Amino acid sequence: MEGSNGPHPQPLPLWRGVGTTTTHQTNKTEISDYSENSDYSDYSDYSDYSENYQQKTTNRELNNNNHTPPPGRVQQTTTMAKGKVDALLGIVFGDEGKGKVVDVFTPRYDVVARFAGGPNAGHTIIFEGKKFVLRSIPSGIFDEGKLNIIGNGCVIAPALFMAEAKELEDAGYDLKSRLHISRRAHLILPTHRVLDRAYEAAKGKNKVGTTGKGIGPTYSDKASRIGLRVGDIEENFLQKYQALKARHEQILSDLHFTDYDITEEEEKWMEGIRYMSQFPLRDTEFEINQALAEGKNVLAEGAQGTMLDIDHGTYPFVSSSSTCTGGVCTGLGVAPSSIGEILGIFKAYSTRVGSGPFPVELFDETGEKIRNIGHEYGAVTGRNRRCG
């Protein structure tokens, strides 16, 4: 492109797309090409992409020579820079199949970390014939020997976390030694979920179409500097909980939204808090930076997609967190200079859940066929995904 002072330089790409449009098989894992909630097709090792990735990184040093991949996995030979954070992000509206791709790439990394979002993000993986929906736990948890981290940019619902973790433990996976939780991550209270419903009801026809999991109100409290964090479990927790709960109840009263009962949910929530306290609650930003200083590699697992970013998405029909590369830095506590590769995930078609603009949406038989073949239903909510 020409300008008044000569040709303008071409902008650098923000990501490299990884299309989930081919299928391959191993004897251990099935990976869906269609969506994060699809059981329809088989495992993809993304061989075409891996070859391209290797060509672009031939000057990098291999950092995982001593790692033996799990049975059924292909040994990774791609060279990598030491001490970098690679980010794997959705580049549309989420539901691109990120969790499955993370599972494919995990053998290359020492640490897998979630940096944003909460139980509104469901990453579906079928491993050894069993289906798992990971809402808060990183998808690298199936690879023994890897450290998994729930970063400071995440929000956690204790009861849902407990159910998710116990399902994995019952399947034989050791979590308590391999899953660390940031003390700075915020907790989703039962009243946050009630507030979510109240705020949506107040918007009427302009509602965003949230999952109702309390994500937005929790991030609102974080920005208002009144939120309850994981680290608060360790000191004066009940006092802090009751104070925030009372504040929420006052807001609900002001909104005339009083038809709710959280008694049973609160009991389960407290049980989840006790269960969470059994896990390593750490200053994970220091752990991650120490790992980088030691030359280890980190994979940052994104949630939702670029078009749902709180700043750069289709506002106000967006998520409540930063889903782009900047969110990796703030959500894990790493410097921009620590970012290595940025991998963008997309499907051969598009989907969207909830309200908001979606110009390519199909309302005909083709859209319905895509939904049925791709099993395009929310992994967390079960809602029909809009297809186009």
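Described in the following lines is the structure provided in the data block. Since this is a predicted model, take the numbers as computed values, not measurements. Numbering of residues starts from 1 in each chain and follows the order in which that chain's sequence is written. For this predicted model, a pLDDT threshold of at least 70 governs which residues receive local features, and a threshold of 80 or more governs which side-chain atom pairs are given and counted, while totals over whole chains, interfaces and linings are taken from all residues. Excluding hydrogens and water, the side-chain figures rest on all heavy atoms present in the structure.

Before going further, it helps to examine unusual backbone geometry. A cis geometry characterises the amide bond from Tyr 315 onward to Pro 316, with omega recorded as 5°. One non-glycine residue, Gln 304, adopts positive backbone phi at about 55°. Relative to the helices and strands, Gln 304 is located in the loop between strand 14 (298–301) and helix 9 (325–332). A run of H or I in DSSP becomes a helix once it reaches four residues, and a run of E becomes a strand once it reaches two; helices and strands are each numbered from the N terminus.

Two rings from Phe, Tyr or Trp (for Trp, the six-membered ring) form a pair when their centres sit within 6.5 Å of each other. Planes less than 30 degrees apart are called stacked, planes more than 60 degrees apart edge-to-face, and all others tilted. Taken as a whole, this structure holds 10 aromatic pairs when the rule is applied. For the ring pair Phe 132 and Phe 142, a centre distance of 5.1 Å and an interplane angle of 55° mean the geometry is tilted. Here the residue Phe 132 occupies a position in strand 8 (residues 130–134), and Phe 142 occupies one in the loop between strand 8 and strand 9 (147–150), the gap between them amounting to 10 residues. A 1.4 Å probe rolled over the protein chains alone gives each residue an accessible area, and that area as a share of the maximum for its type sets the label: buried under 20%, exposed over 50%, partly exposed in between. According to the relative accessible area criterion, Phe 132 is buried, its value standing at 1%.

Let us now look at helix 8 (residues 284–293). Side chains three or four residues apart in an α-helix point the same way, a direct result of the helix having 3.6 residues per turn. What helix 8 keeps buried is the set Thr 284, Glu 285, Ile 288, Ala 291 and Leu 292. Down the axis, helix 8 shows its buried residues gathered within 130° of arc, on one side only. Exposed residues lying more than 90 degrees from the buried face of helix 8 are Phe 286 and Ala 293. Among the residues trailing helix 8, Gly 295 stands out with phi positive, at a value near 85°. Within this analysis, the arc is defined by the directions that extend from the helix axis to the C-beta atoms.

By secondary structure assignment, the location of Glu 266 is in helix 7 (residues 263–276). We classify Glu 266 as buried; its relative accessible area is 16%. Whenever a nitrogen or oxygen atom comes within 3.5 Å of another N or O atom, the pair is scored as a polar contact, on the condition that within protein one atom can donate a hydrogen and the other can accept it, and that pairs from neighbouring residues in sequence are kept only if both atoms are in side chains. There is a polar contact of 2.5 Å between the side chain of Glu 266 and the side chain of Tyr 241. Setting aside anything within four residues of it in sequence, one finds Glu 266 in contact with Pro 190, Tyr 241 and Lys 245. Contact criterion: two residues are considered in contact whenever any of their non-hydrogen atoms come within 4.5 Å of each other.

Moving on, we come to the side chain of Ser 338. Here Ser 338 shows up in the loop between helix 9 and strand 15 (339–346). Overall, the relative accessible area of 13% leaves Ser 338 in the buried class. With residues up to four places along the chain from it excluded, the contact list for Ser 338 reads Lys 84, Val 85 and Leu 292.

All right, on to the pattern of salt bridges then. Definition used for salt bridges: Asp or Glu carboxyl oxygen within 4 Å of a side-chain nitrogen of Lys or Arg. In this structure the tally under the stated criterion is 17 salt bridges. When the shortest N-O distance is used, the salt bridge between Glu 265 and Arg 193 registers 3.7 Å. One end of the pair, Glu 265, is in helix 7; the other, Arg 193, is in helix 4 (residues 190–203), and 72 residues separate them in sequence. Residue Arg 193 is classed as partly exposed on the basis of its relative accessible area, which comes to 22%. Linking Glu 266 and Lys 245 is a salt bridge whose minimum nitrogen-to-oxygen distance equals 3.0 Å. Highlighted residues: Glu 266 in helix 7 and Lys 245 in helix 6 (residues 237–254), separated in sequence by 21 residues. Each member of the pair, Glu 266 as well as Lys 245, carries the same accessibility label: buried.

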